[in-house]
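The lines below spell out each chain.
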Amino acid sequence: MHGPKKILVMGAGIYQVPLIRKIKAMGHIAIVVSPHGNYPGIVIADEFIDLNTKNRKNVLEIAKQFGISAVLTTGTDAAVPAIGYLVDELGLSGTGFESAQWSMDKLLMKQRFVECGVSTAIFASVDNFEDLKREAIAIGYPVMVKAIDSSGSRGVTQVSSEPDLSSAYKTALSVSESDSVIVEKCLKGVEIGAQVVVVGSEVVEVFLHSDKLTPPPISAPIGHAMPLQLQKNLDEKTKGLIQKAVMALKIKDTISNVDIMVVNNEPFILEVGARMGATCLPENISIYAGFDAYEFIIRLSLGKIPLYQRFIRIRLMLLCC
């Protein structure tokens, strides 16, 4: 059936604004779900629903009410499990609920990496401060203390010695709905990132990029550069590990955001998100790769296979727009 589609966008923040605008520019209807507040996406939405994006059952009712054809977000992890829930319940295109939980919950993610042989930092989960102190000593300082279910770099602190452990623990708990936190070995190397194009369950392209971060103890991304040129052996090794990590989480039909640490020419996966990155990464892709990243994920969410020259090797049927 041709004509405009109703697309549910989870979130109304600055990172969702270009997505909402692109949906409307393509002639579709942007229904935006977000708590009410000073969010720029609210005023440009075709329809705005005042609702917490984590409340997946209520979001499902809204999706049924409007008869949506697709659901997606970009730049945030918070809404990913709810998106996965709608994907499963409504038979939509995208990453399903179990995989979405793996990509949102850092403990489930790390456990999945271990099960699938994906190189990552040594870690432990703890639910009290005494265990945190014990595990930090066992792992060896410096360590990273992380909220299990936060988005981006919120609740993530590098700790060099025990006196700083308490504040890091409190910071992690303050942004989490869990009573547990993760403590892991602080890998010392060069942090890079990747945007991974996944069509169906097939990884068809990996765009590596450099990351500019704020200094420790709380390191957050503030900029990126693409392309990133690595030595051939390291490039192949890194892209192979990234593909293994994305497939371990069973991420589907999106552009996935991946954080990597390279230590002595060995890559380690820090985190993988079942959504496209933020801080101008979609714009980086669009400029470097020659296709509109927002349009690409919108078409994927509608169950269509975007056919751009760069992806002509995709062995899937092209669906009509």
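Provided above is the structure to which this section pertains.
Please read all numbers here as calculations on a predicted model, not as lab measurements.

**Details of the overall build of the protein**
Alright, step 1. A count of helical and extended segments in the protein gives 11 helices and 13 strands.
Alright, step 2. Its C-alpha radius of gyration of 19 Å places the protein within 12% of the 20 Å reference for a compact globule of 321 residues.
Alright, step 3. When its C-alpha atoms are laid out on the principal axes, the protein stretches across 60 × 45 × 30 Å.
Alright, step 4. By the burial criterion, 55% of the 321 residues in the protein qualify as buried.
Alright, step 5. Within the protein, residue pairs in contact and separated by at least 24 positions form 58% of the contacts whose partners lie at least 6 positions apart.
Alright, step 6. In the form shown here, the protein has an accessible surface area of approximately 14,300 Å², with 52% of it arising from carbon and sulfur atoms.

**Some details on helix α4 (residues 80-90)**
Alright, step 1. Among the 11 residues in α4, eight count as buried, and that is most of the element.
Alright, step 2. When we look at burial in α4, the residues that qualify are V80, P81, A82, I83, G84, Y85, L86 and V87.
Alright, step 3. Each element contacted by the buried residues of α4 is listed here: β1 (6-10), α3 (56-66), β4 (70-72) and α5 (97-104).

**Some thoughts on the pairing of strand β13 (residues 266-273)**
Alright, step 1. Judged by how many residues are buried, β13 sits mostly within the fold: six of eight residues are covered.
Alright, step 2. When strand β12 (residues 254-263) meets β13, the two strands line up antiparallel, connected through seven bridges. From the neighbouring strand, D259 faces β13, where its bridge partner is E271.
Alright, step 3. Two successive antiparallel strands, β12 and β13, enclose a turn made up of two residues, where N264 displays a positive phi of approximately 50 degrees.

**Examining the packing of α4 against α5**
Between two packed helices, what matters for the description is the angle formed by their axes and the separation of those axes.
Alright, step 1. One can describe the packing of α4 onto α5 by two numbers: an axis separation of 7 Å at closest approach and a directional angle of 170 degrees. Here α5 runs roughly antiparallel to α4, going by the angle between their axes. The segment α4 lies against α5, with V80, P81, G84, Y85 and D88 engaging F97, A100, S103 and M104.
Alright, step 2. Here the residues of the contact of α4 with α5 are counted per class, giving six nonpolar, two polar and one charged.

**Some words on the sheet that holds strand β3 (residues 47-50)**
Alright, step 1. Taken in spatial order, the four strands of this open sheet run β3-β2-β1-β4, and their pairing is parallel. The open sheet has two edge strands, β3 and β4, and neither has a second partner. Each adjacent strand pair in this sheet contributes to an overall mean axis angle of 20 degrees, direction not counted.
Alright, step 2. Note: β1 against strand β2 (residues 29-34), five bridges, orientation parallel. From the neighbouring strand, M10 faces β2, where its bridge partner is V33.
Alright, step 3. Each of β1, β2 and β4 touches helix α1 (residues 17-25); the most contacted strand, β2, lies at about 155 degrees to it.

**Some details on the packing of aromatic side chains**
Within a pair of aromatic rings, the relevant descriptors are the distance that separates the centres and the angle that separates the planes.
Alright, step 1. A complete count under the given rule lists five aromatic pairs for this structure.
Alright, step 2. Consider the rings of Y85 and F97, whose centres lie 5.9 Å apart with planes at 75 degrees: the pair is edge-to-face. Pair noted here: Y85 is in helix α4 and F97 is in helix α5, with a separation of 12 residues, a long-range link.
Alright, step 3. For the ring pair F291 and F296, a centre distance of 5.1 Å and an interplane angle of 55 degrees mean the geometry is tilted. In terms of burial, F291 and F296 fall into one category: buried.
Alright, step 4. Within the aromatic cluster, the residues linked to one another by ring pairs are F207, Y288, F291 and F296.

Criteria and cut-off values
Residues numbered from 1 in each chain as written. Predicted model: local features only at pLDDT ≥ 70, side-chain atom pairs only at ≥ 80, totals over all residues. Heavy atoms only, no water. Helix = DSSP H or I, 4+ residues; strand = E, 2+ residues; numbered from the N terminus. Rg over C-alpha atoms; globule rule 2.2 N^0.38 Å. Buried < 20%, exposed > 50% of the residue type's maximum accessible area, 1.4 Å probe, protein only. Contact = heavy atoms within 4.5 Å. Areas by Shrake-Rupley, 256 points an atom, 1.4 Å probe, with all protein chains shown as cover. Pairing = 2+ DSSP bridges. Axes fitted to C-alpha atoms, helices over the stretch in contact; angles between N-to-C directions. Parallel < 35°, antiparallel > 145°, perpendicular 65-115°, else oblique. Nonpolar A, V, L, I, M, F, W, Y, C, P; charged D, E, K, R; others polar. Phe/Tyr/Trp six-rings, centres within 6.5 Å; stacked < 30°, edge-to-face > 60°.

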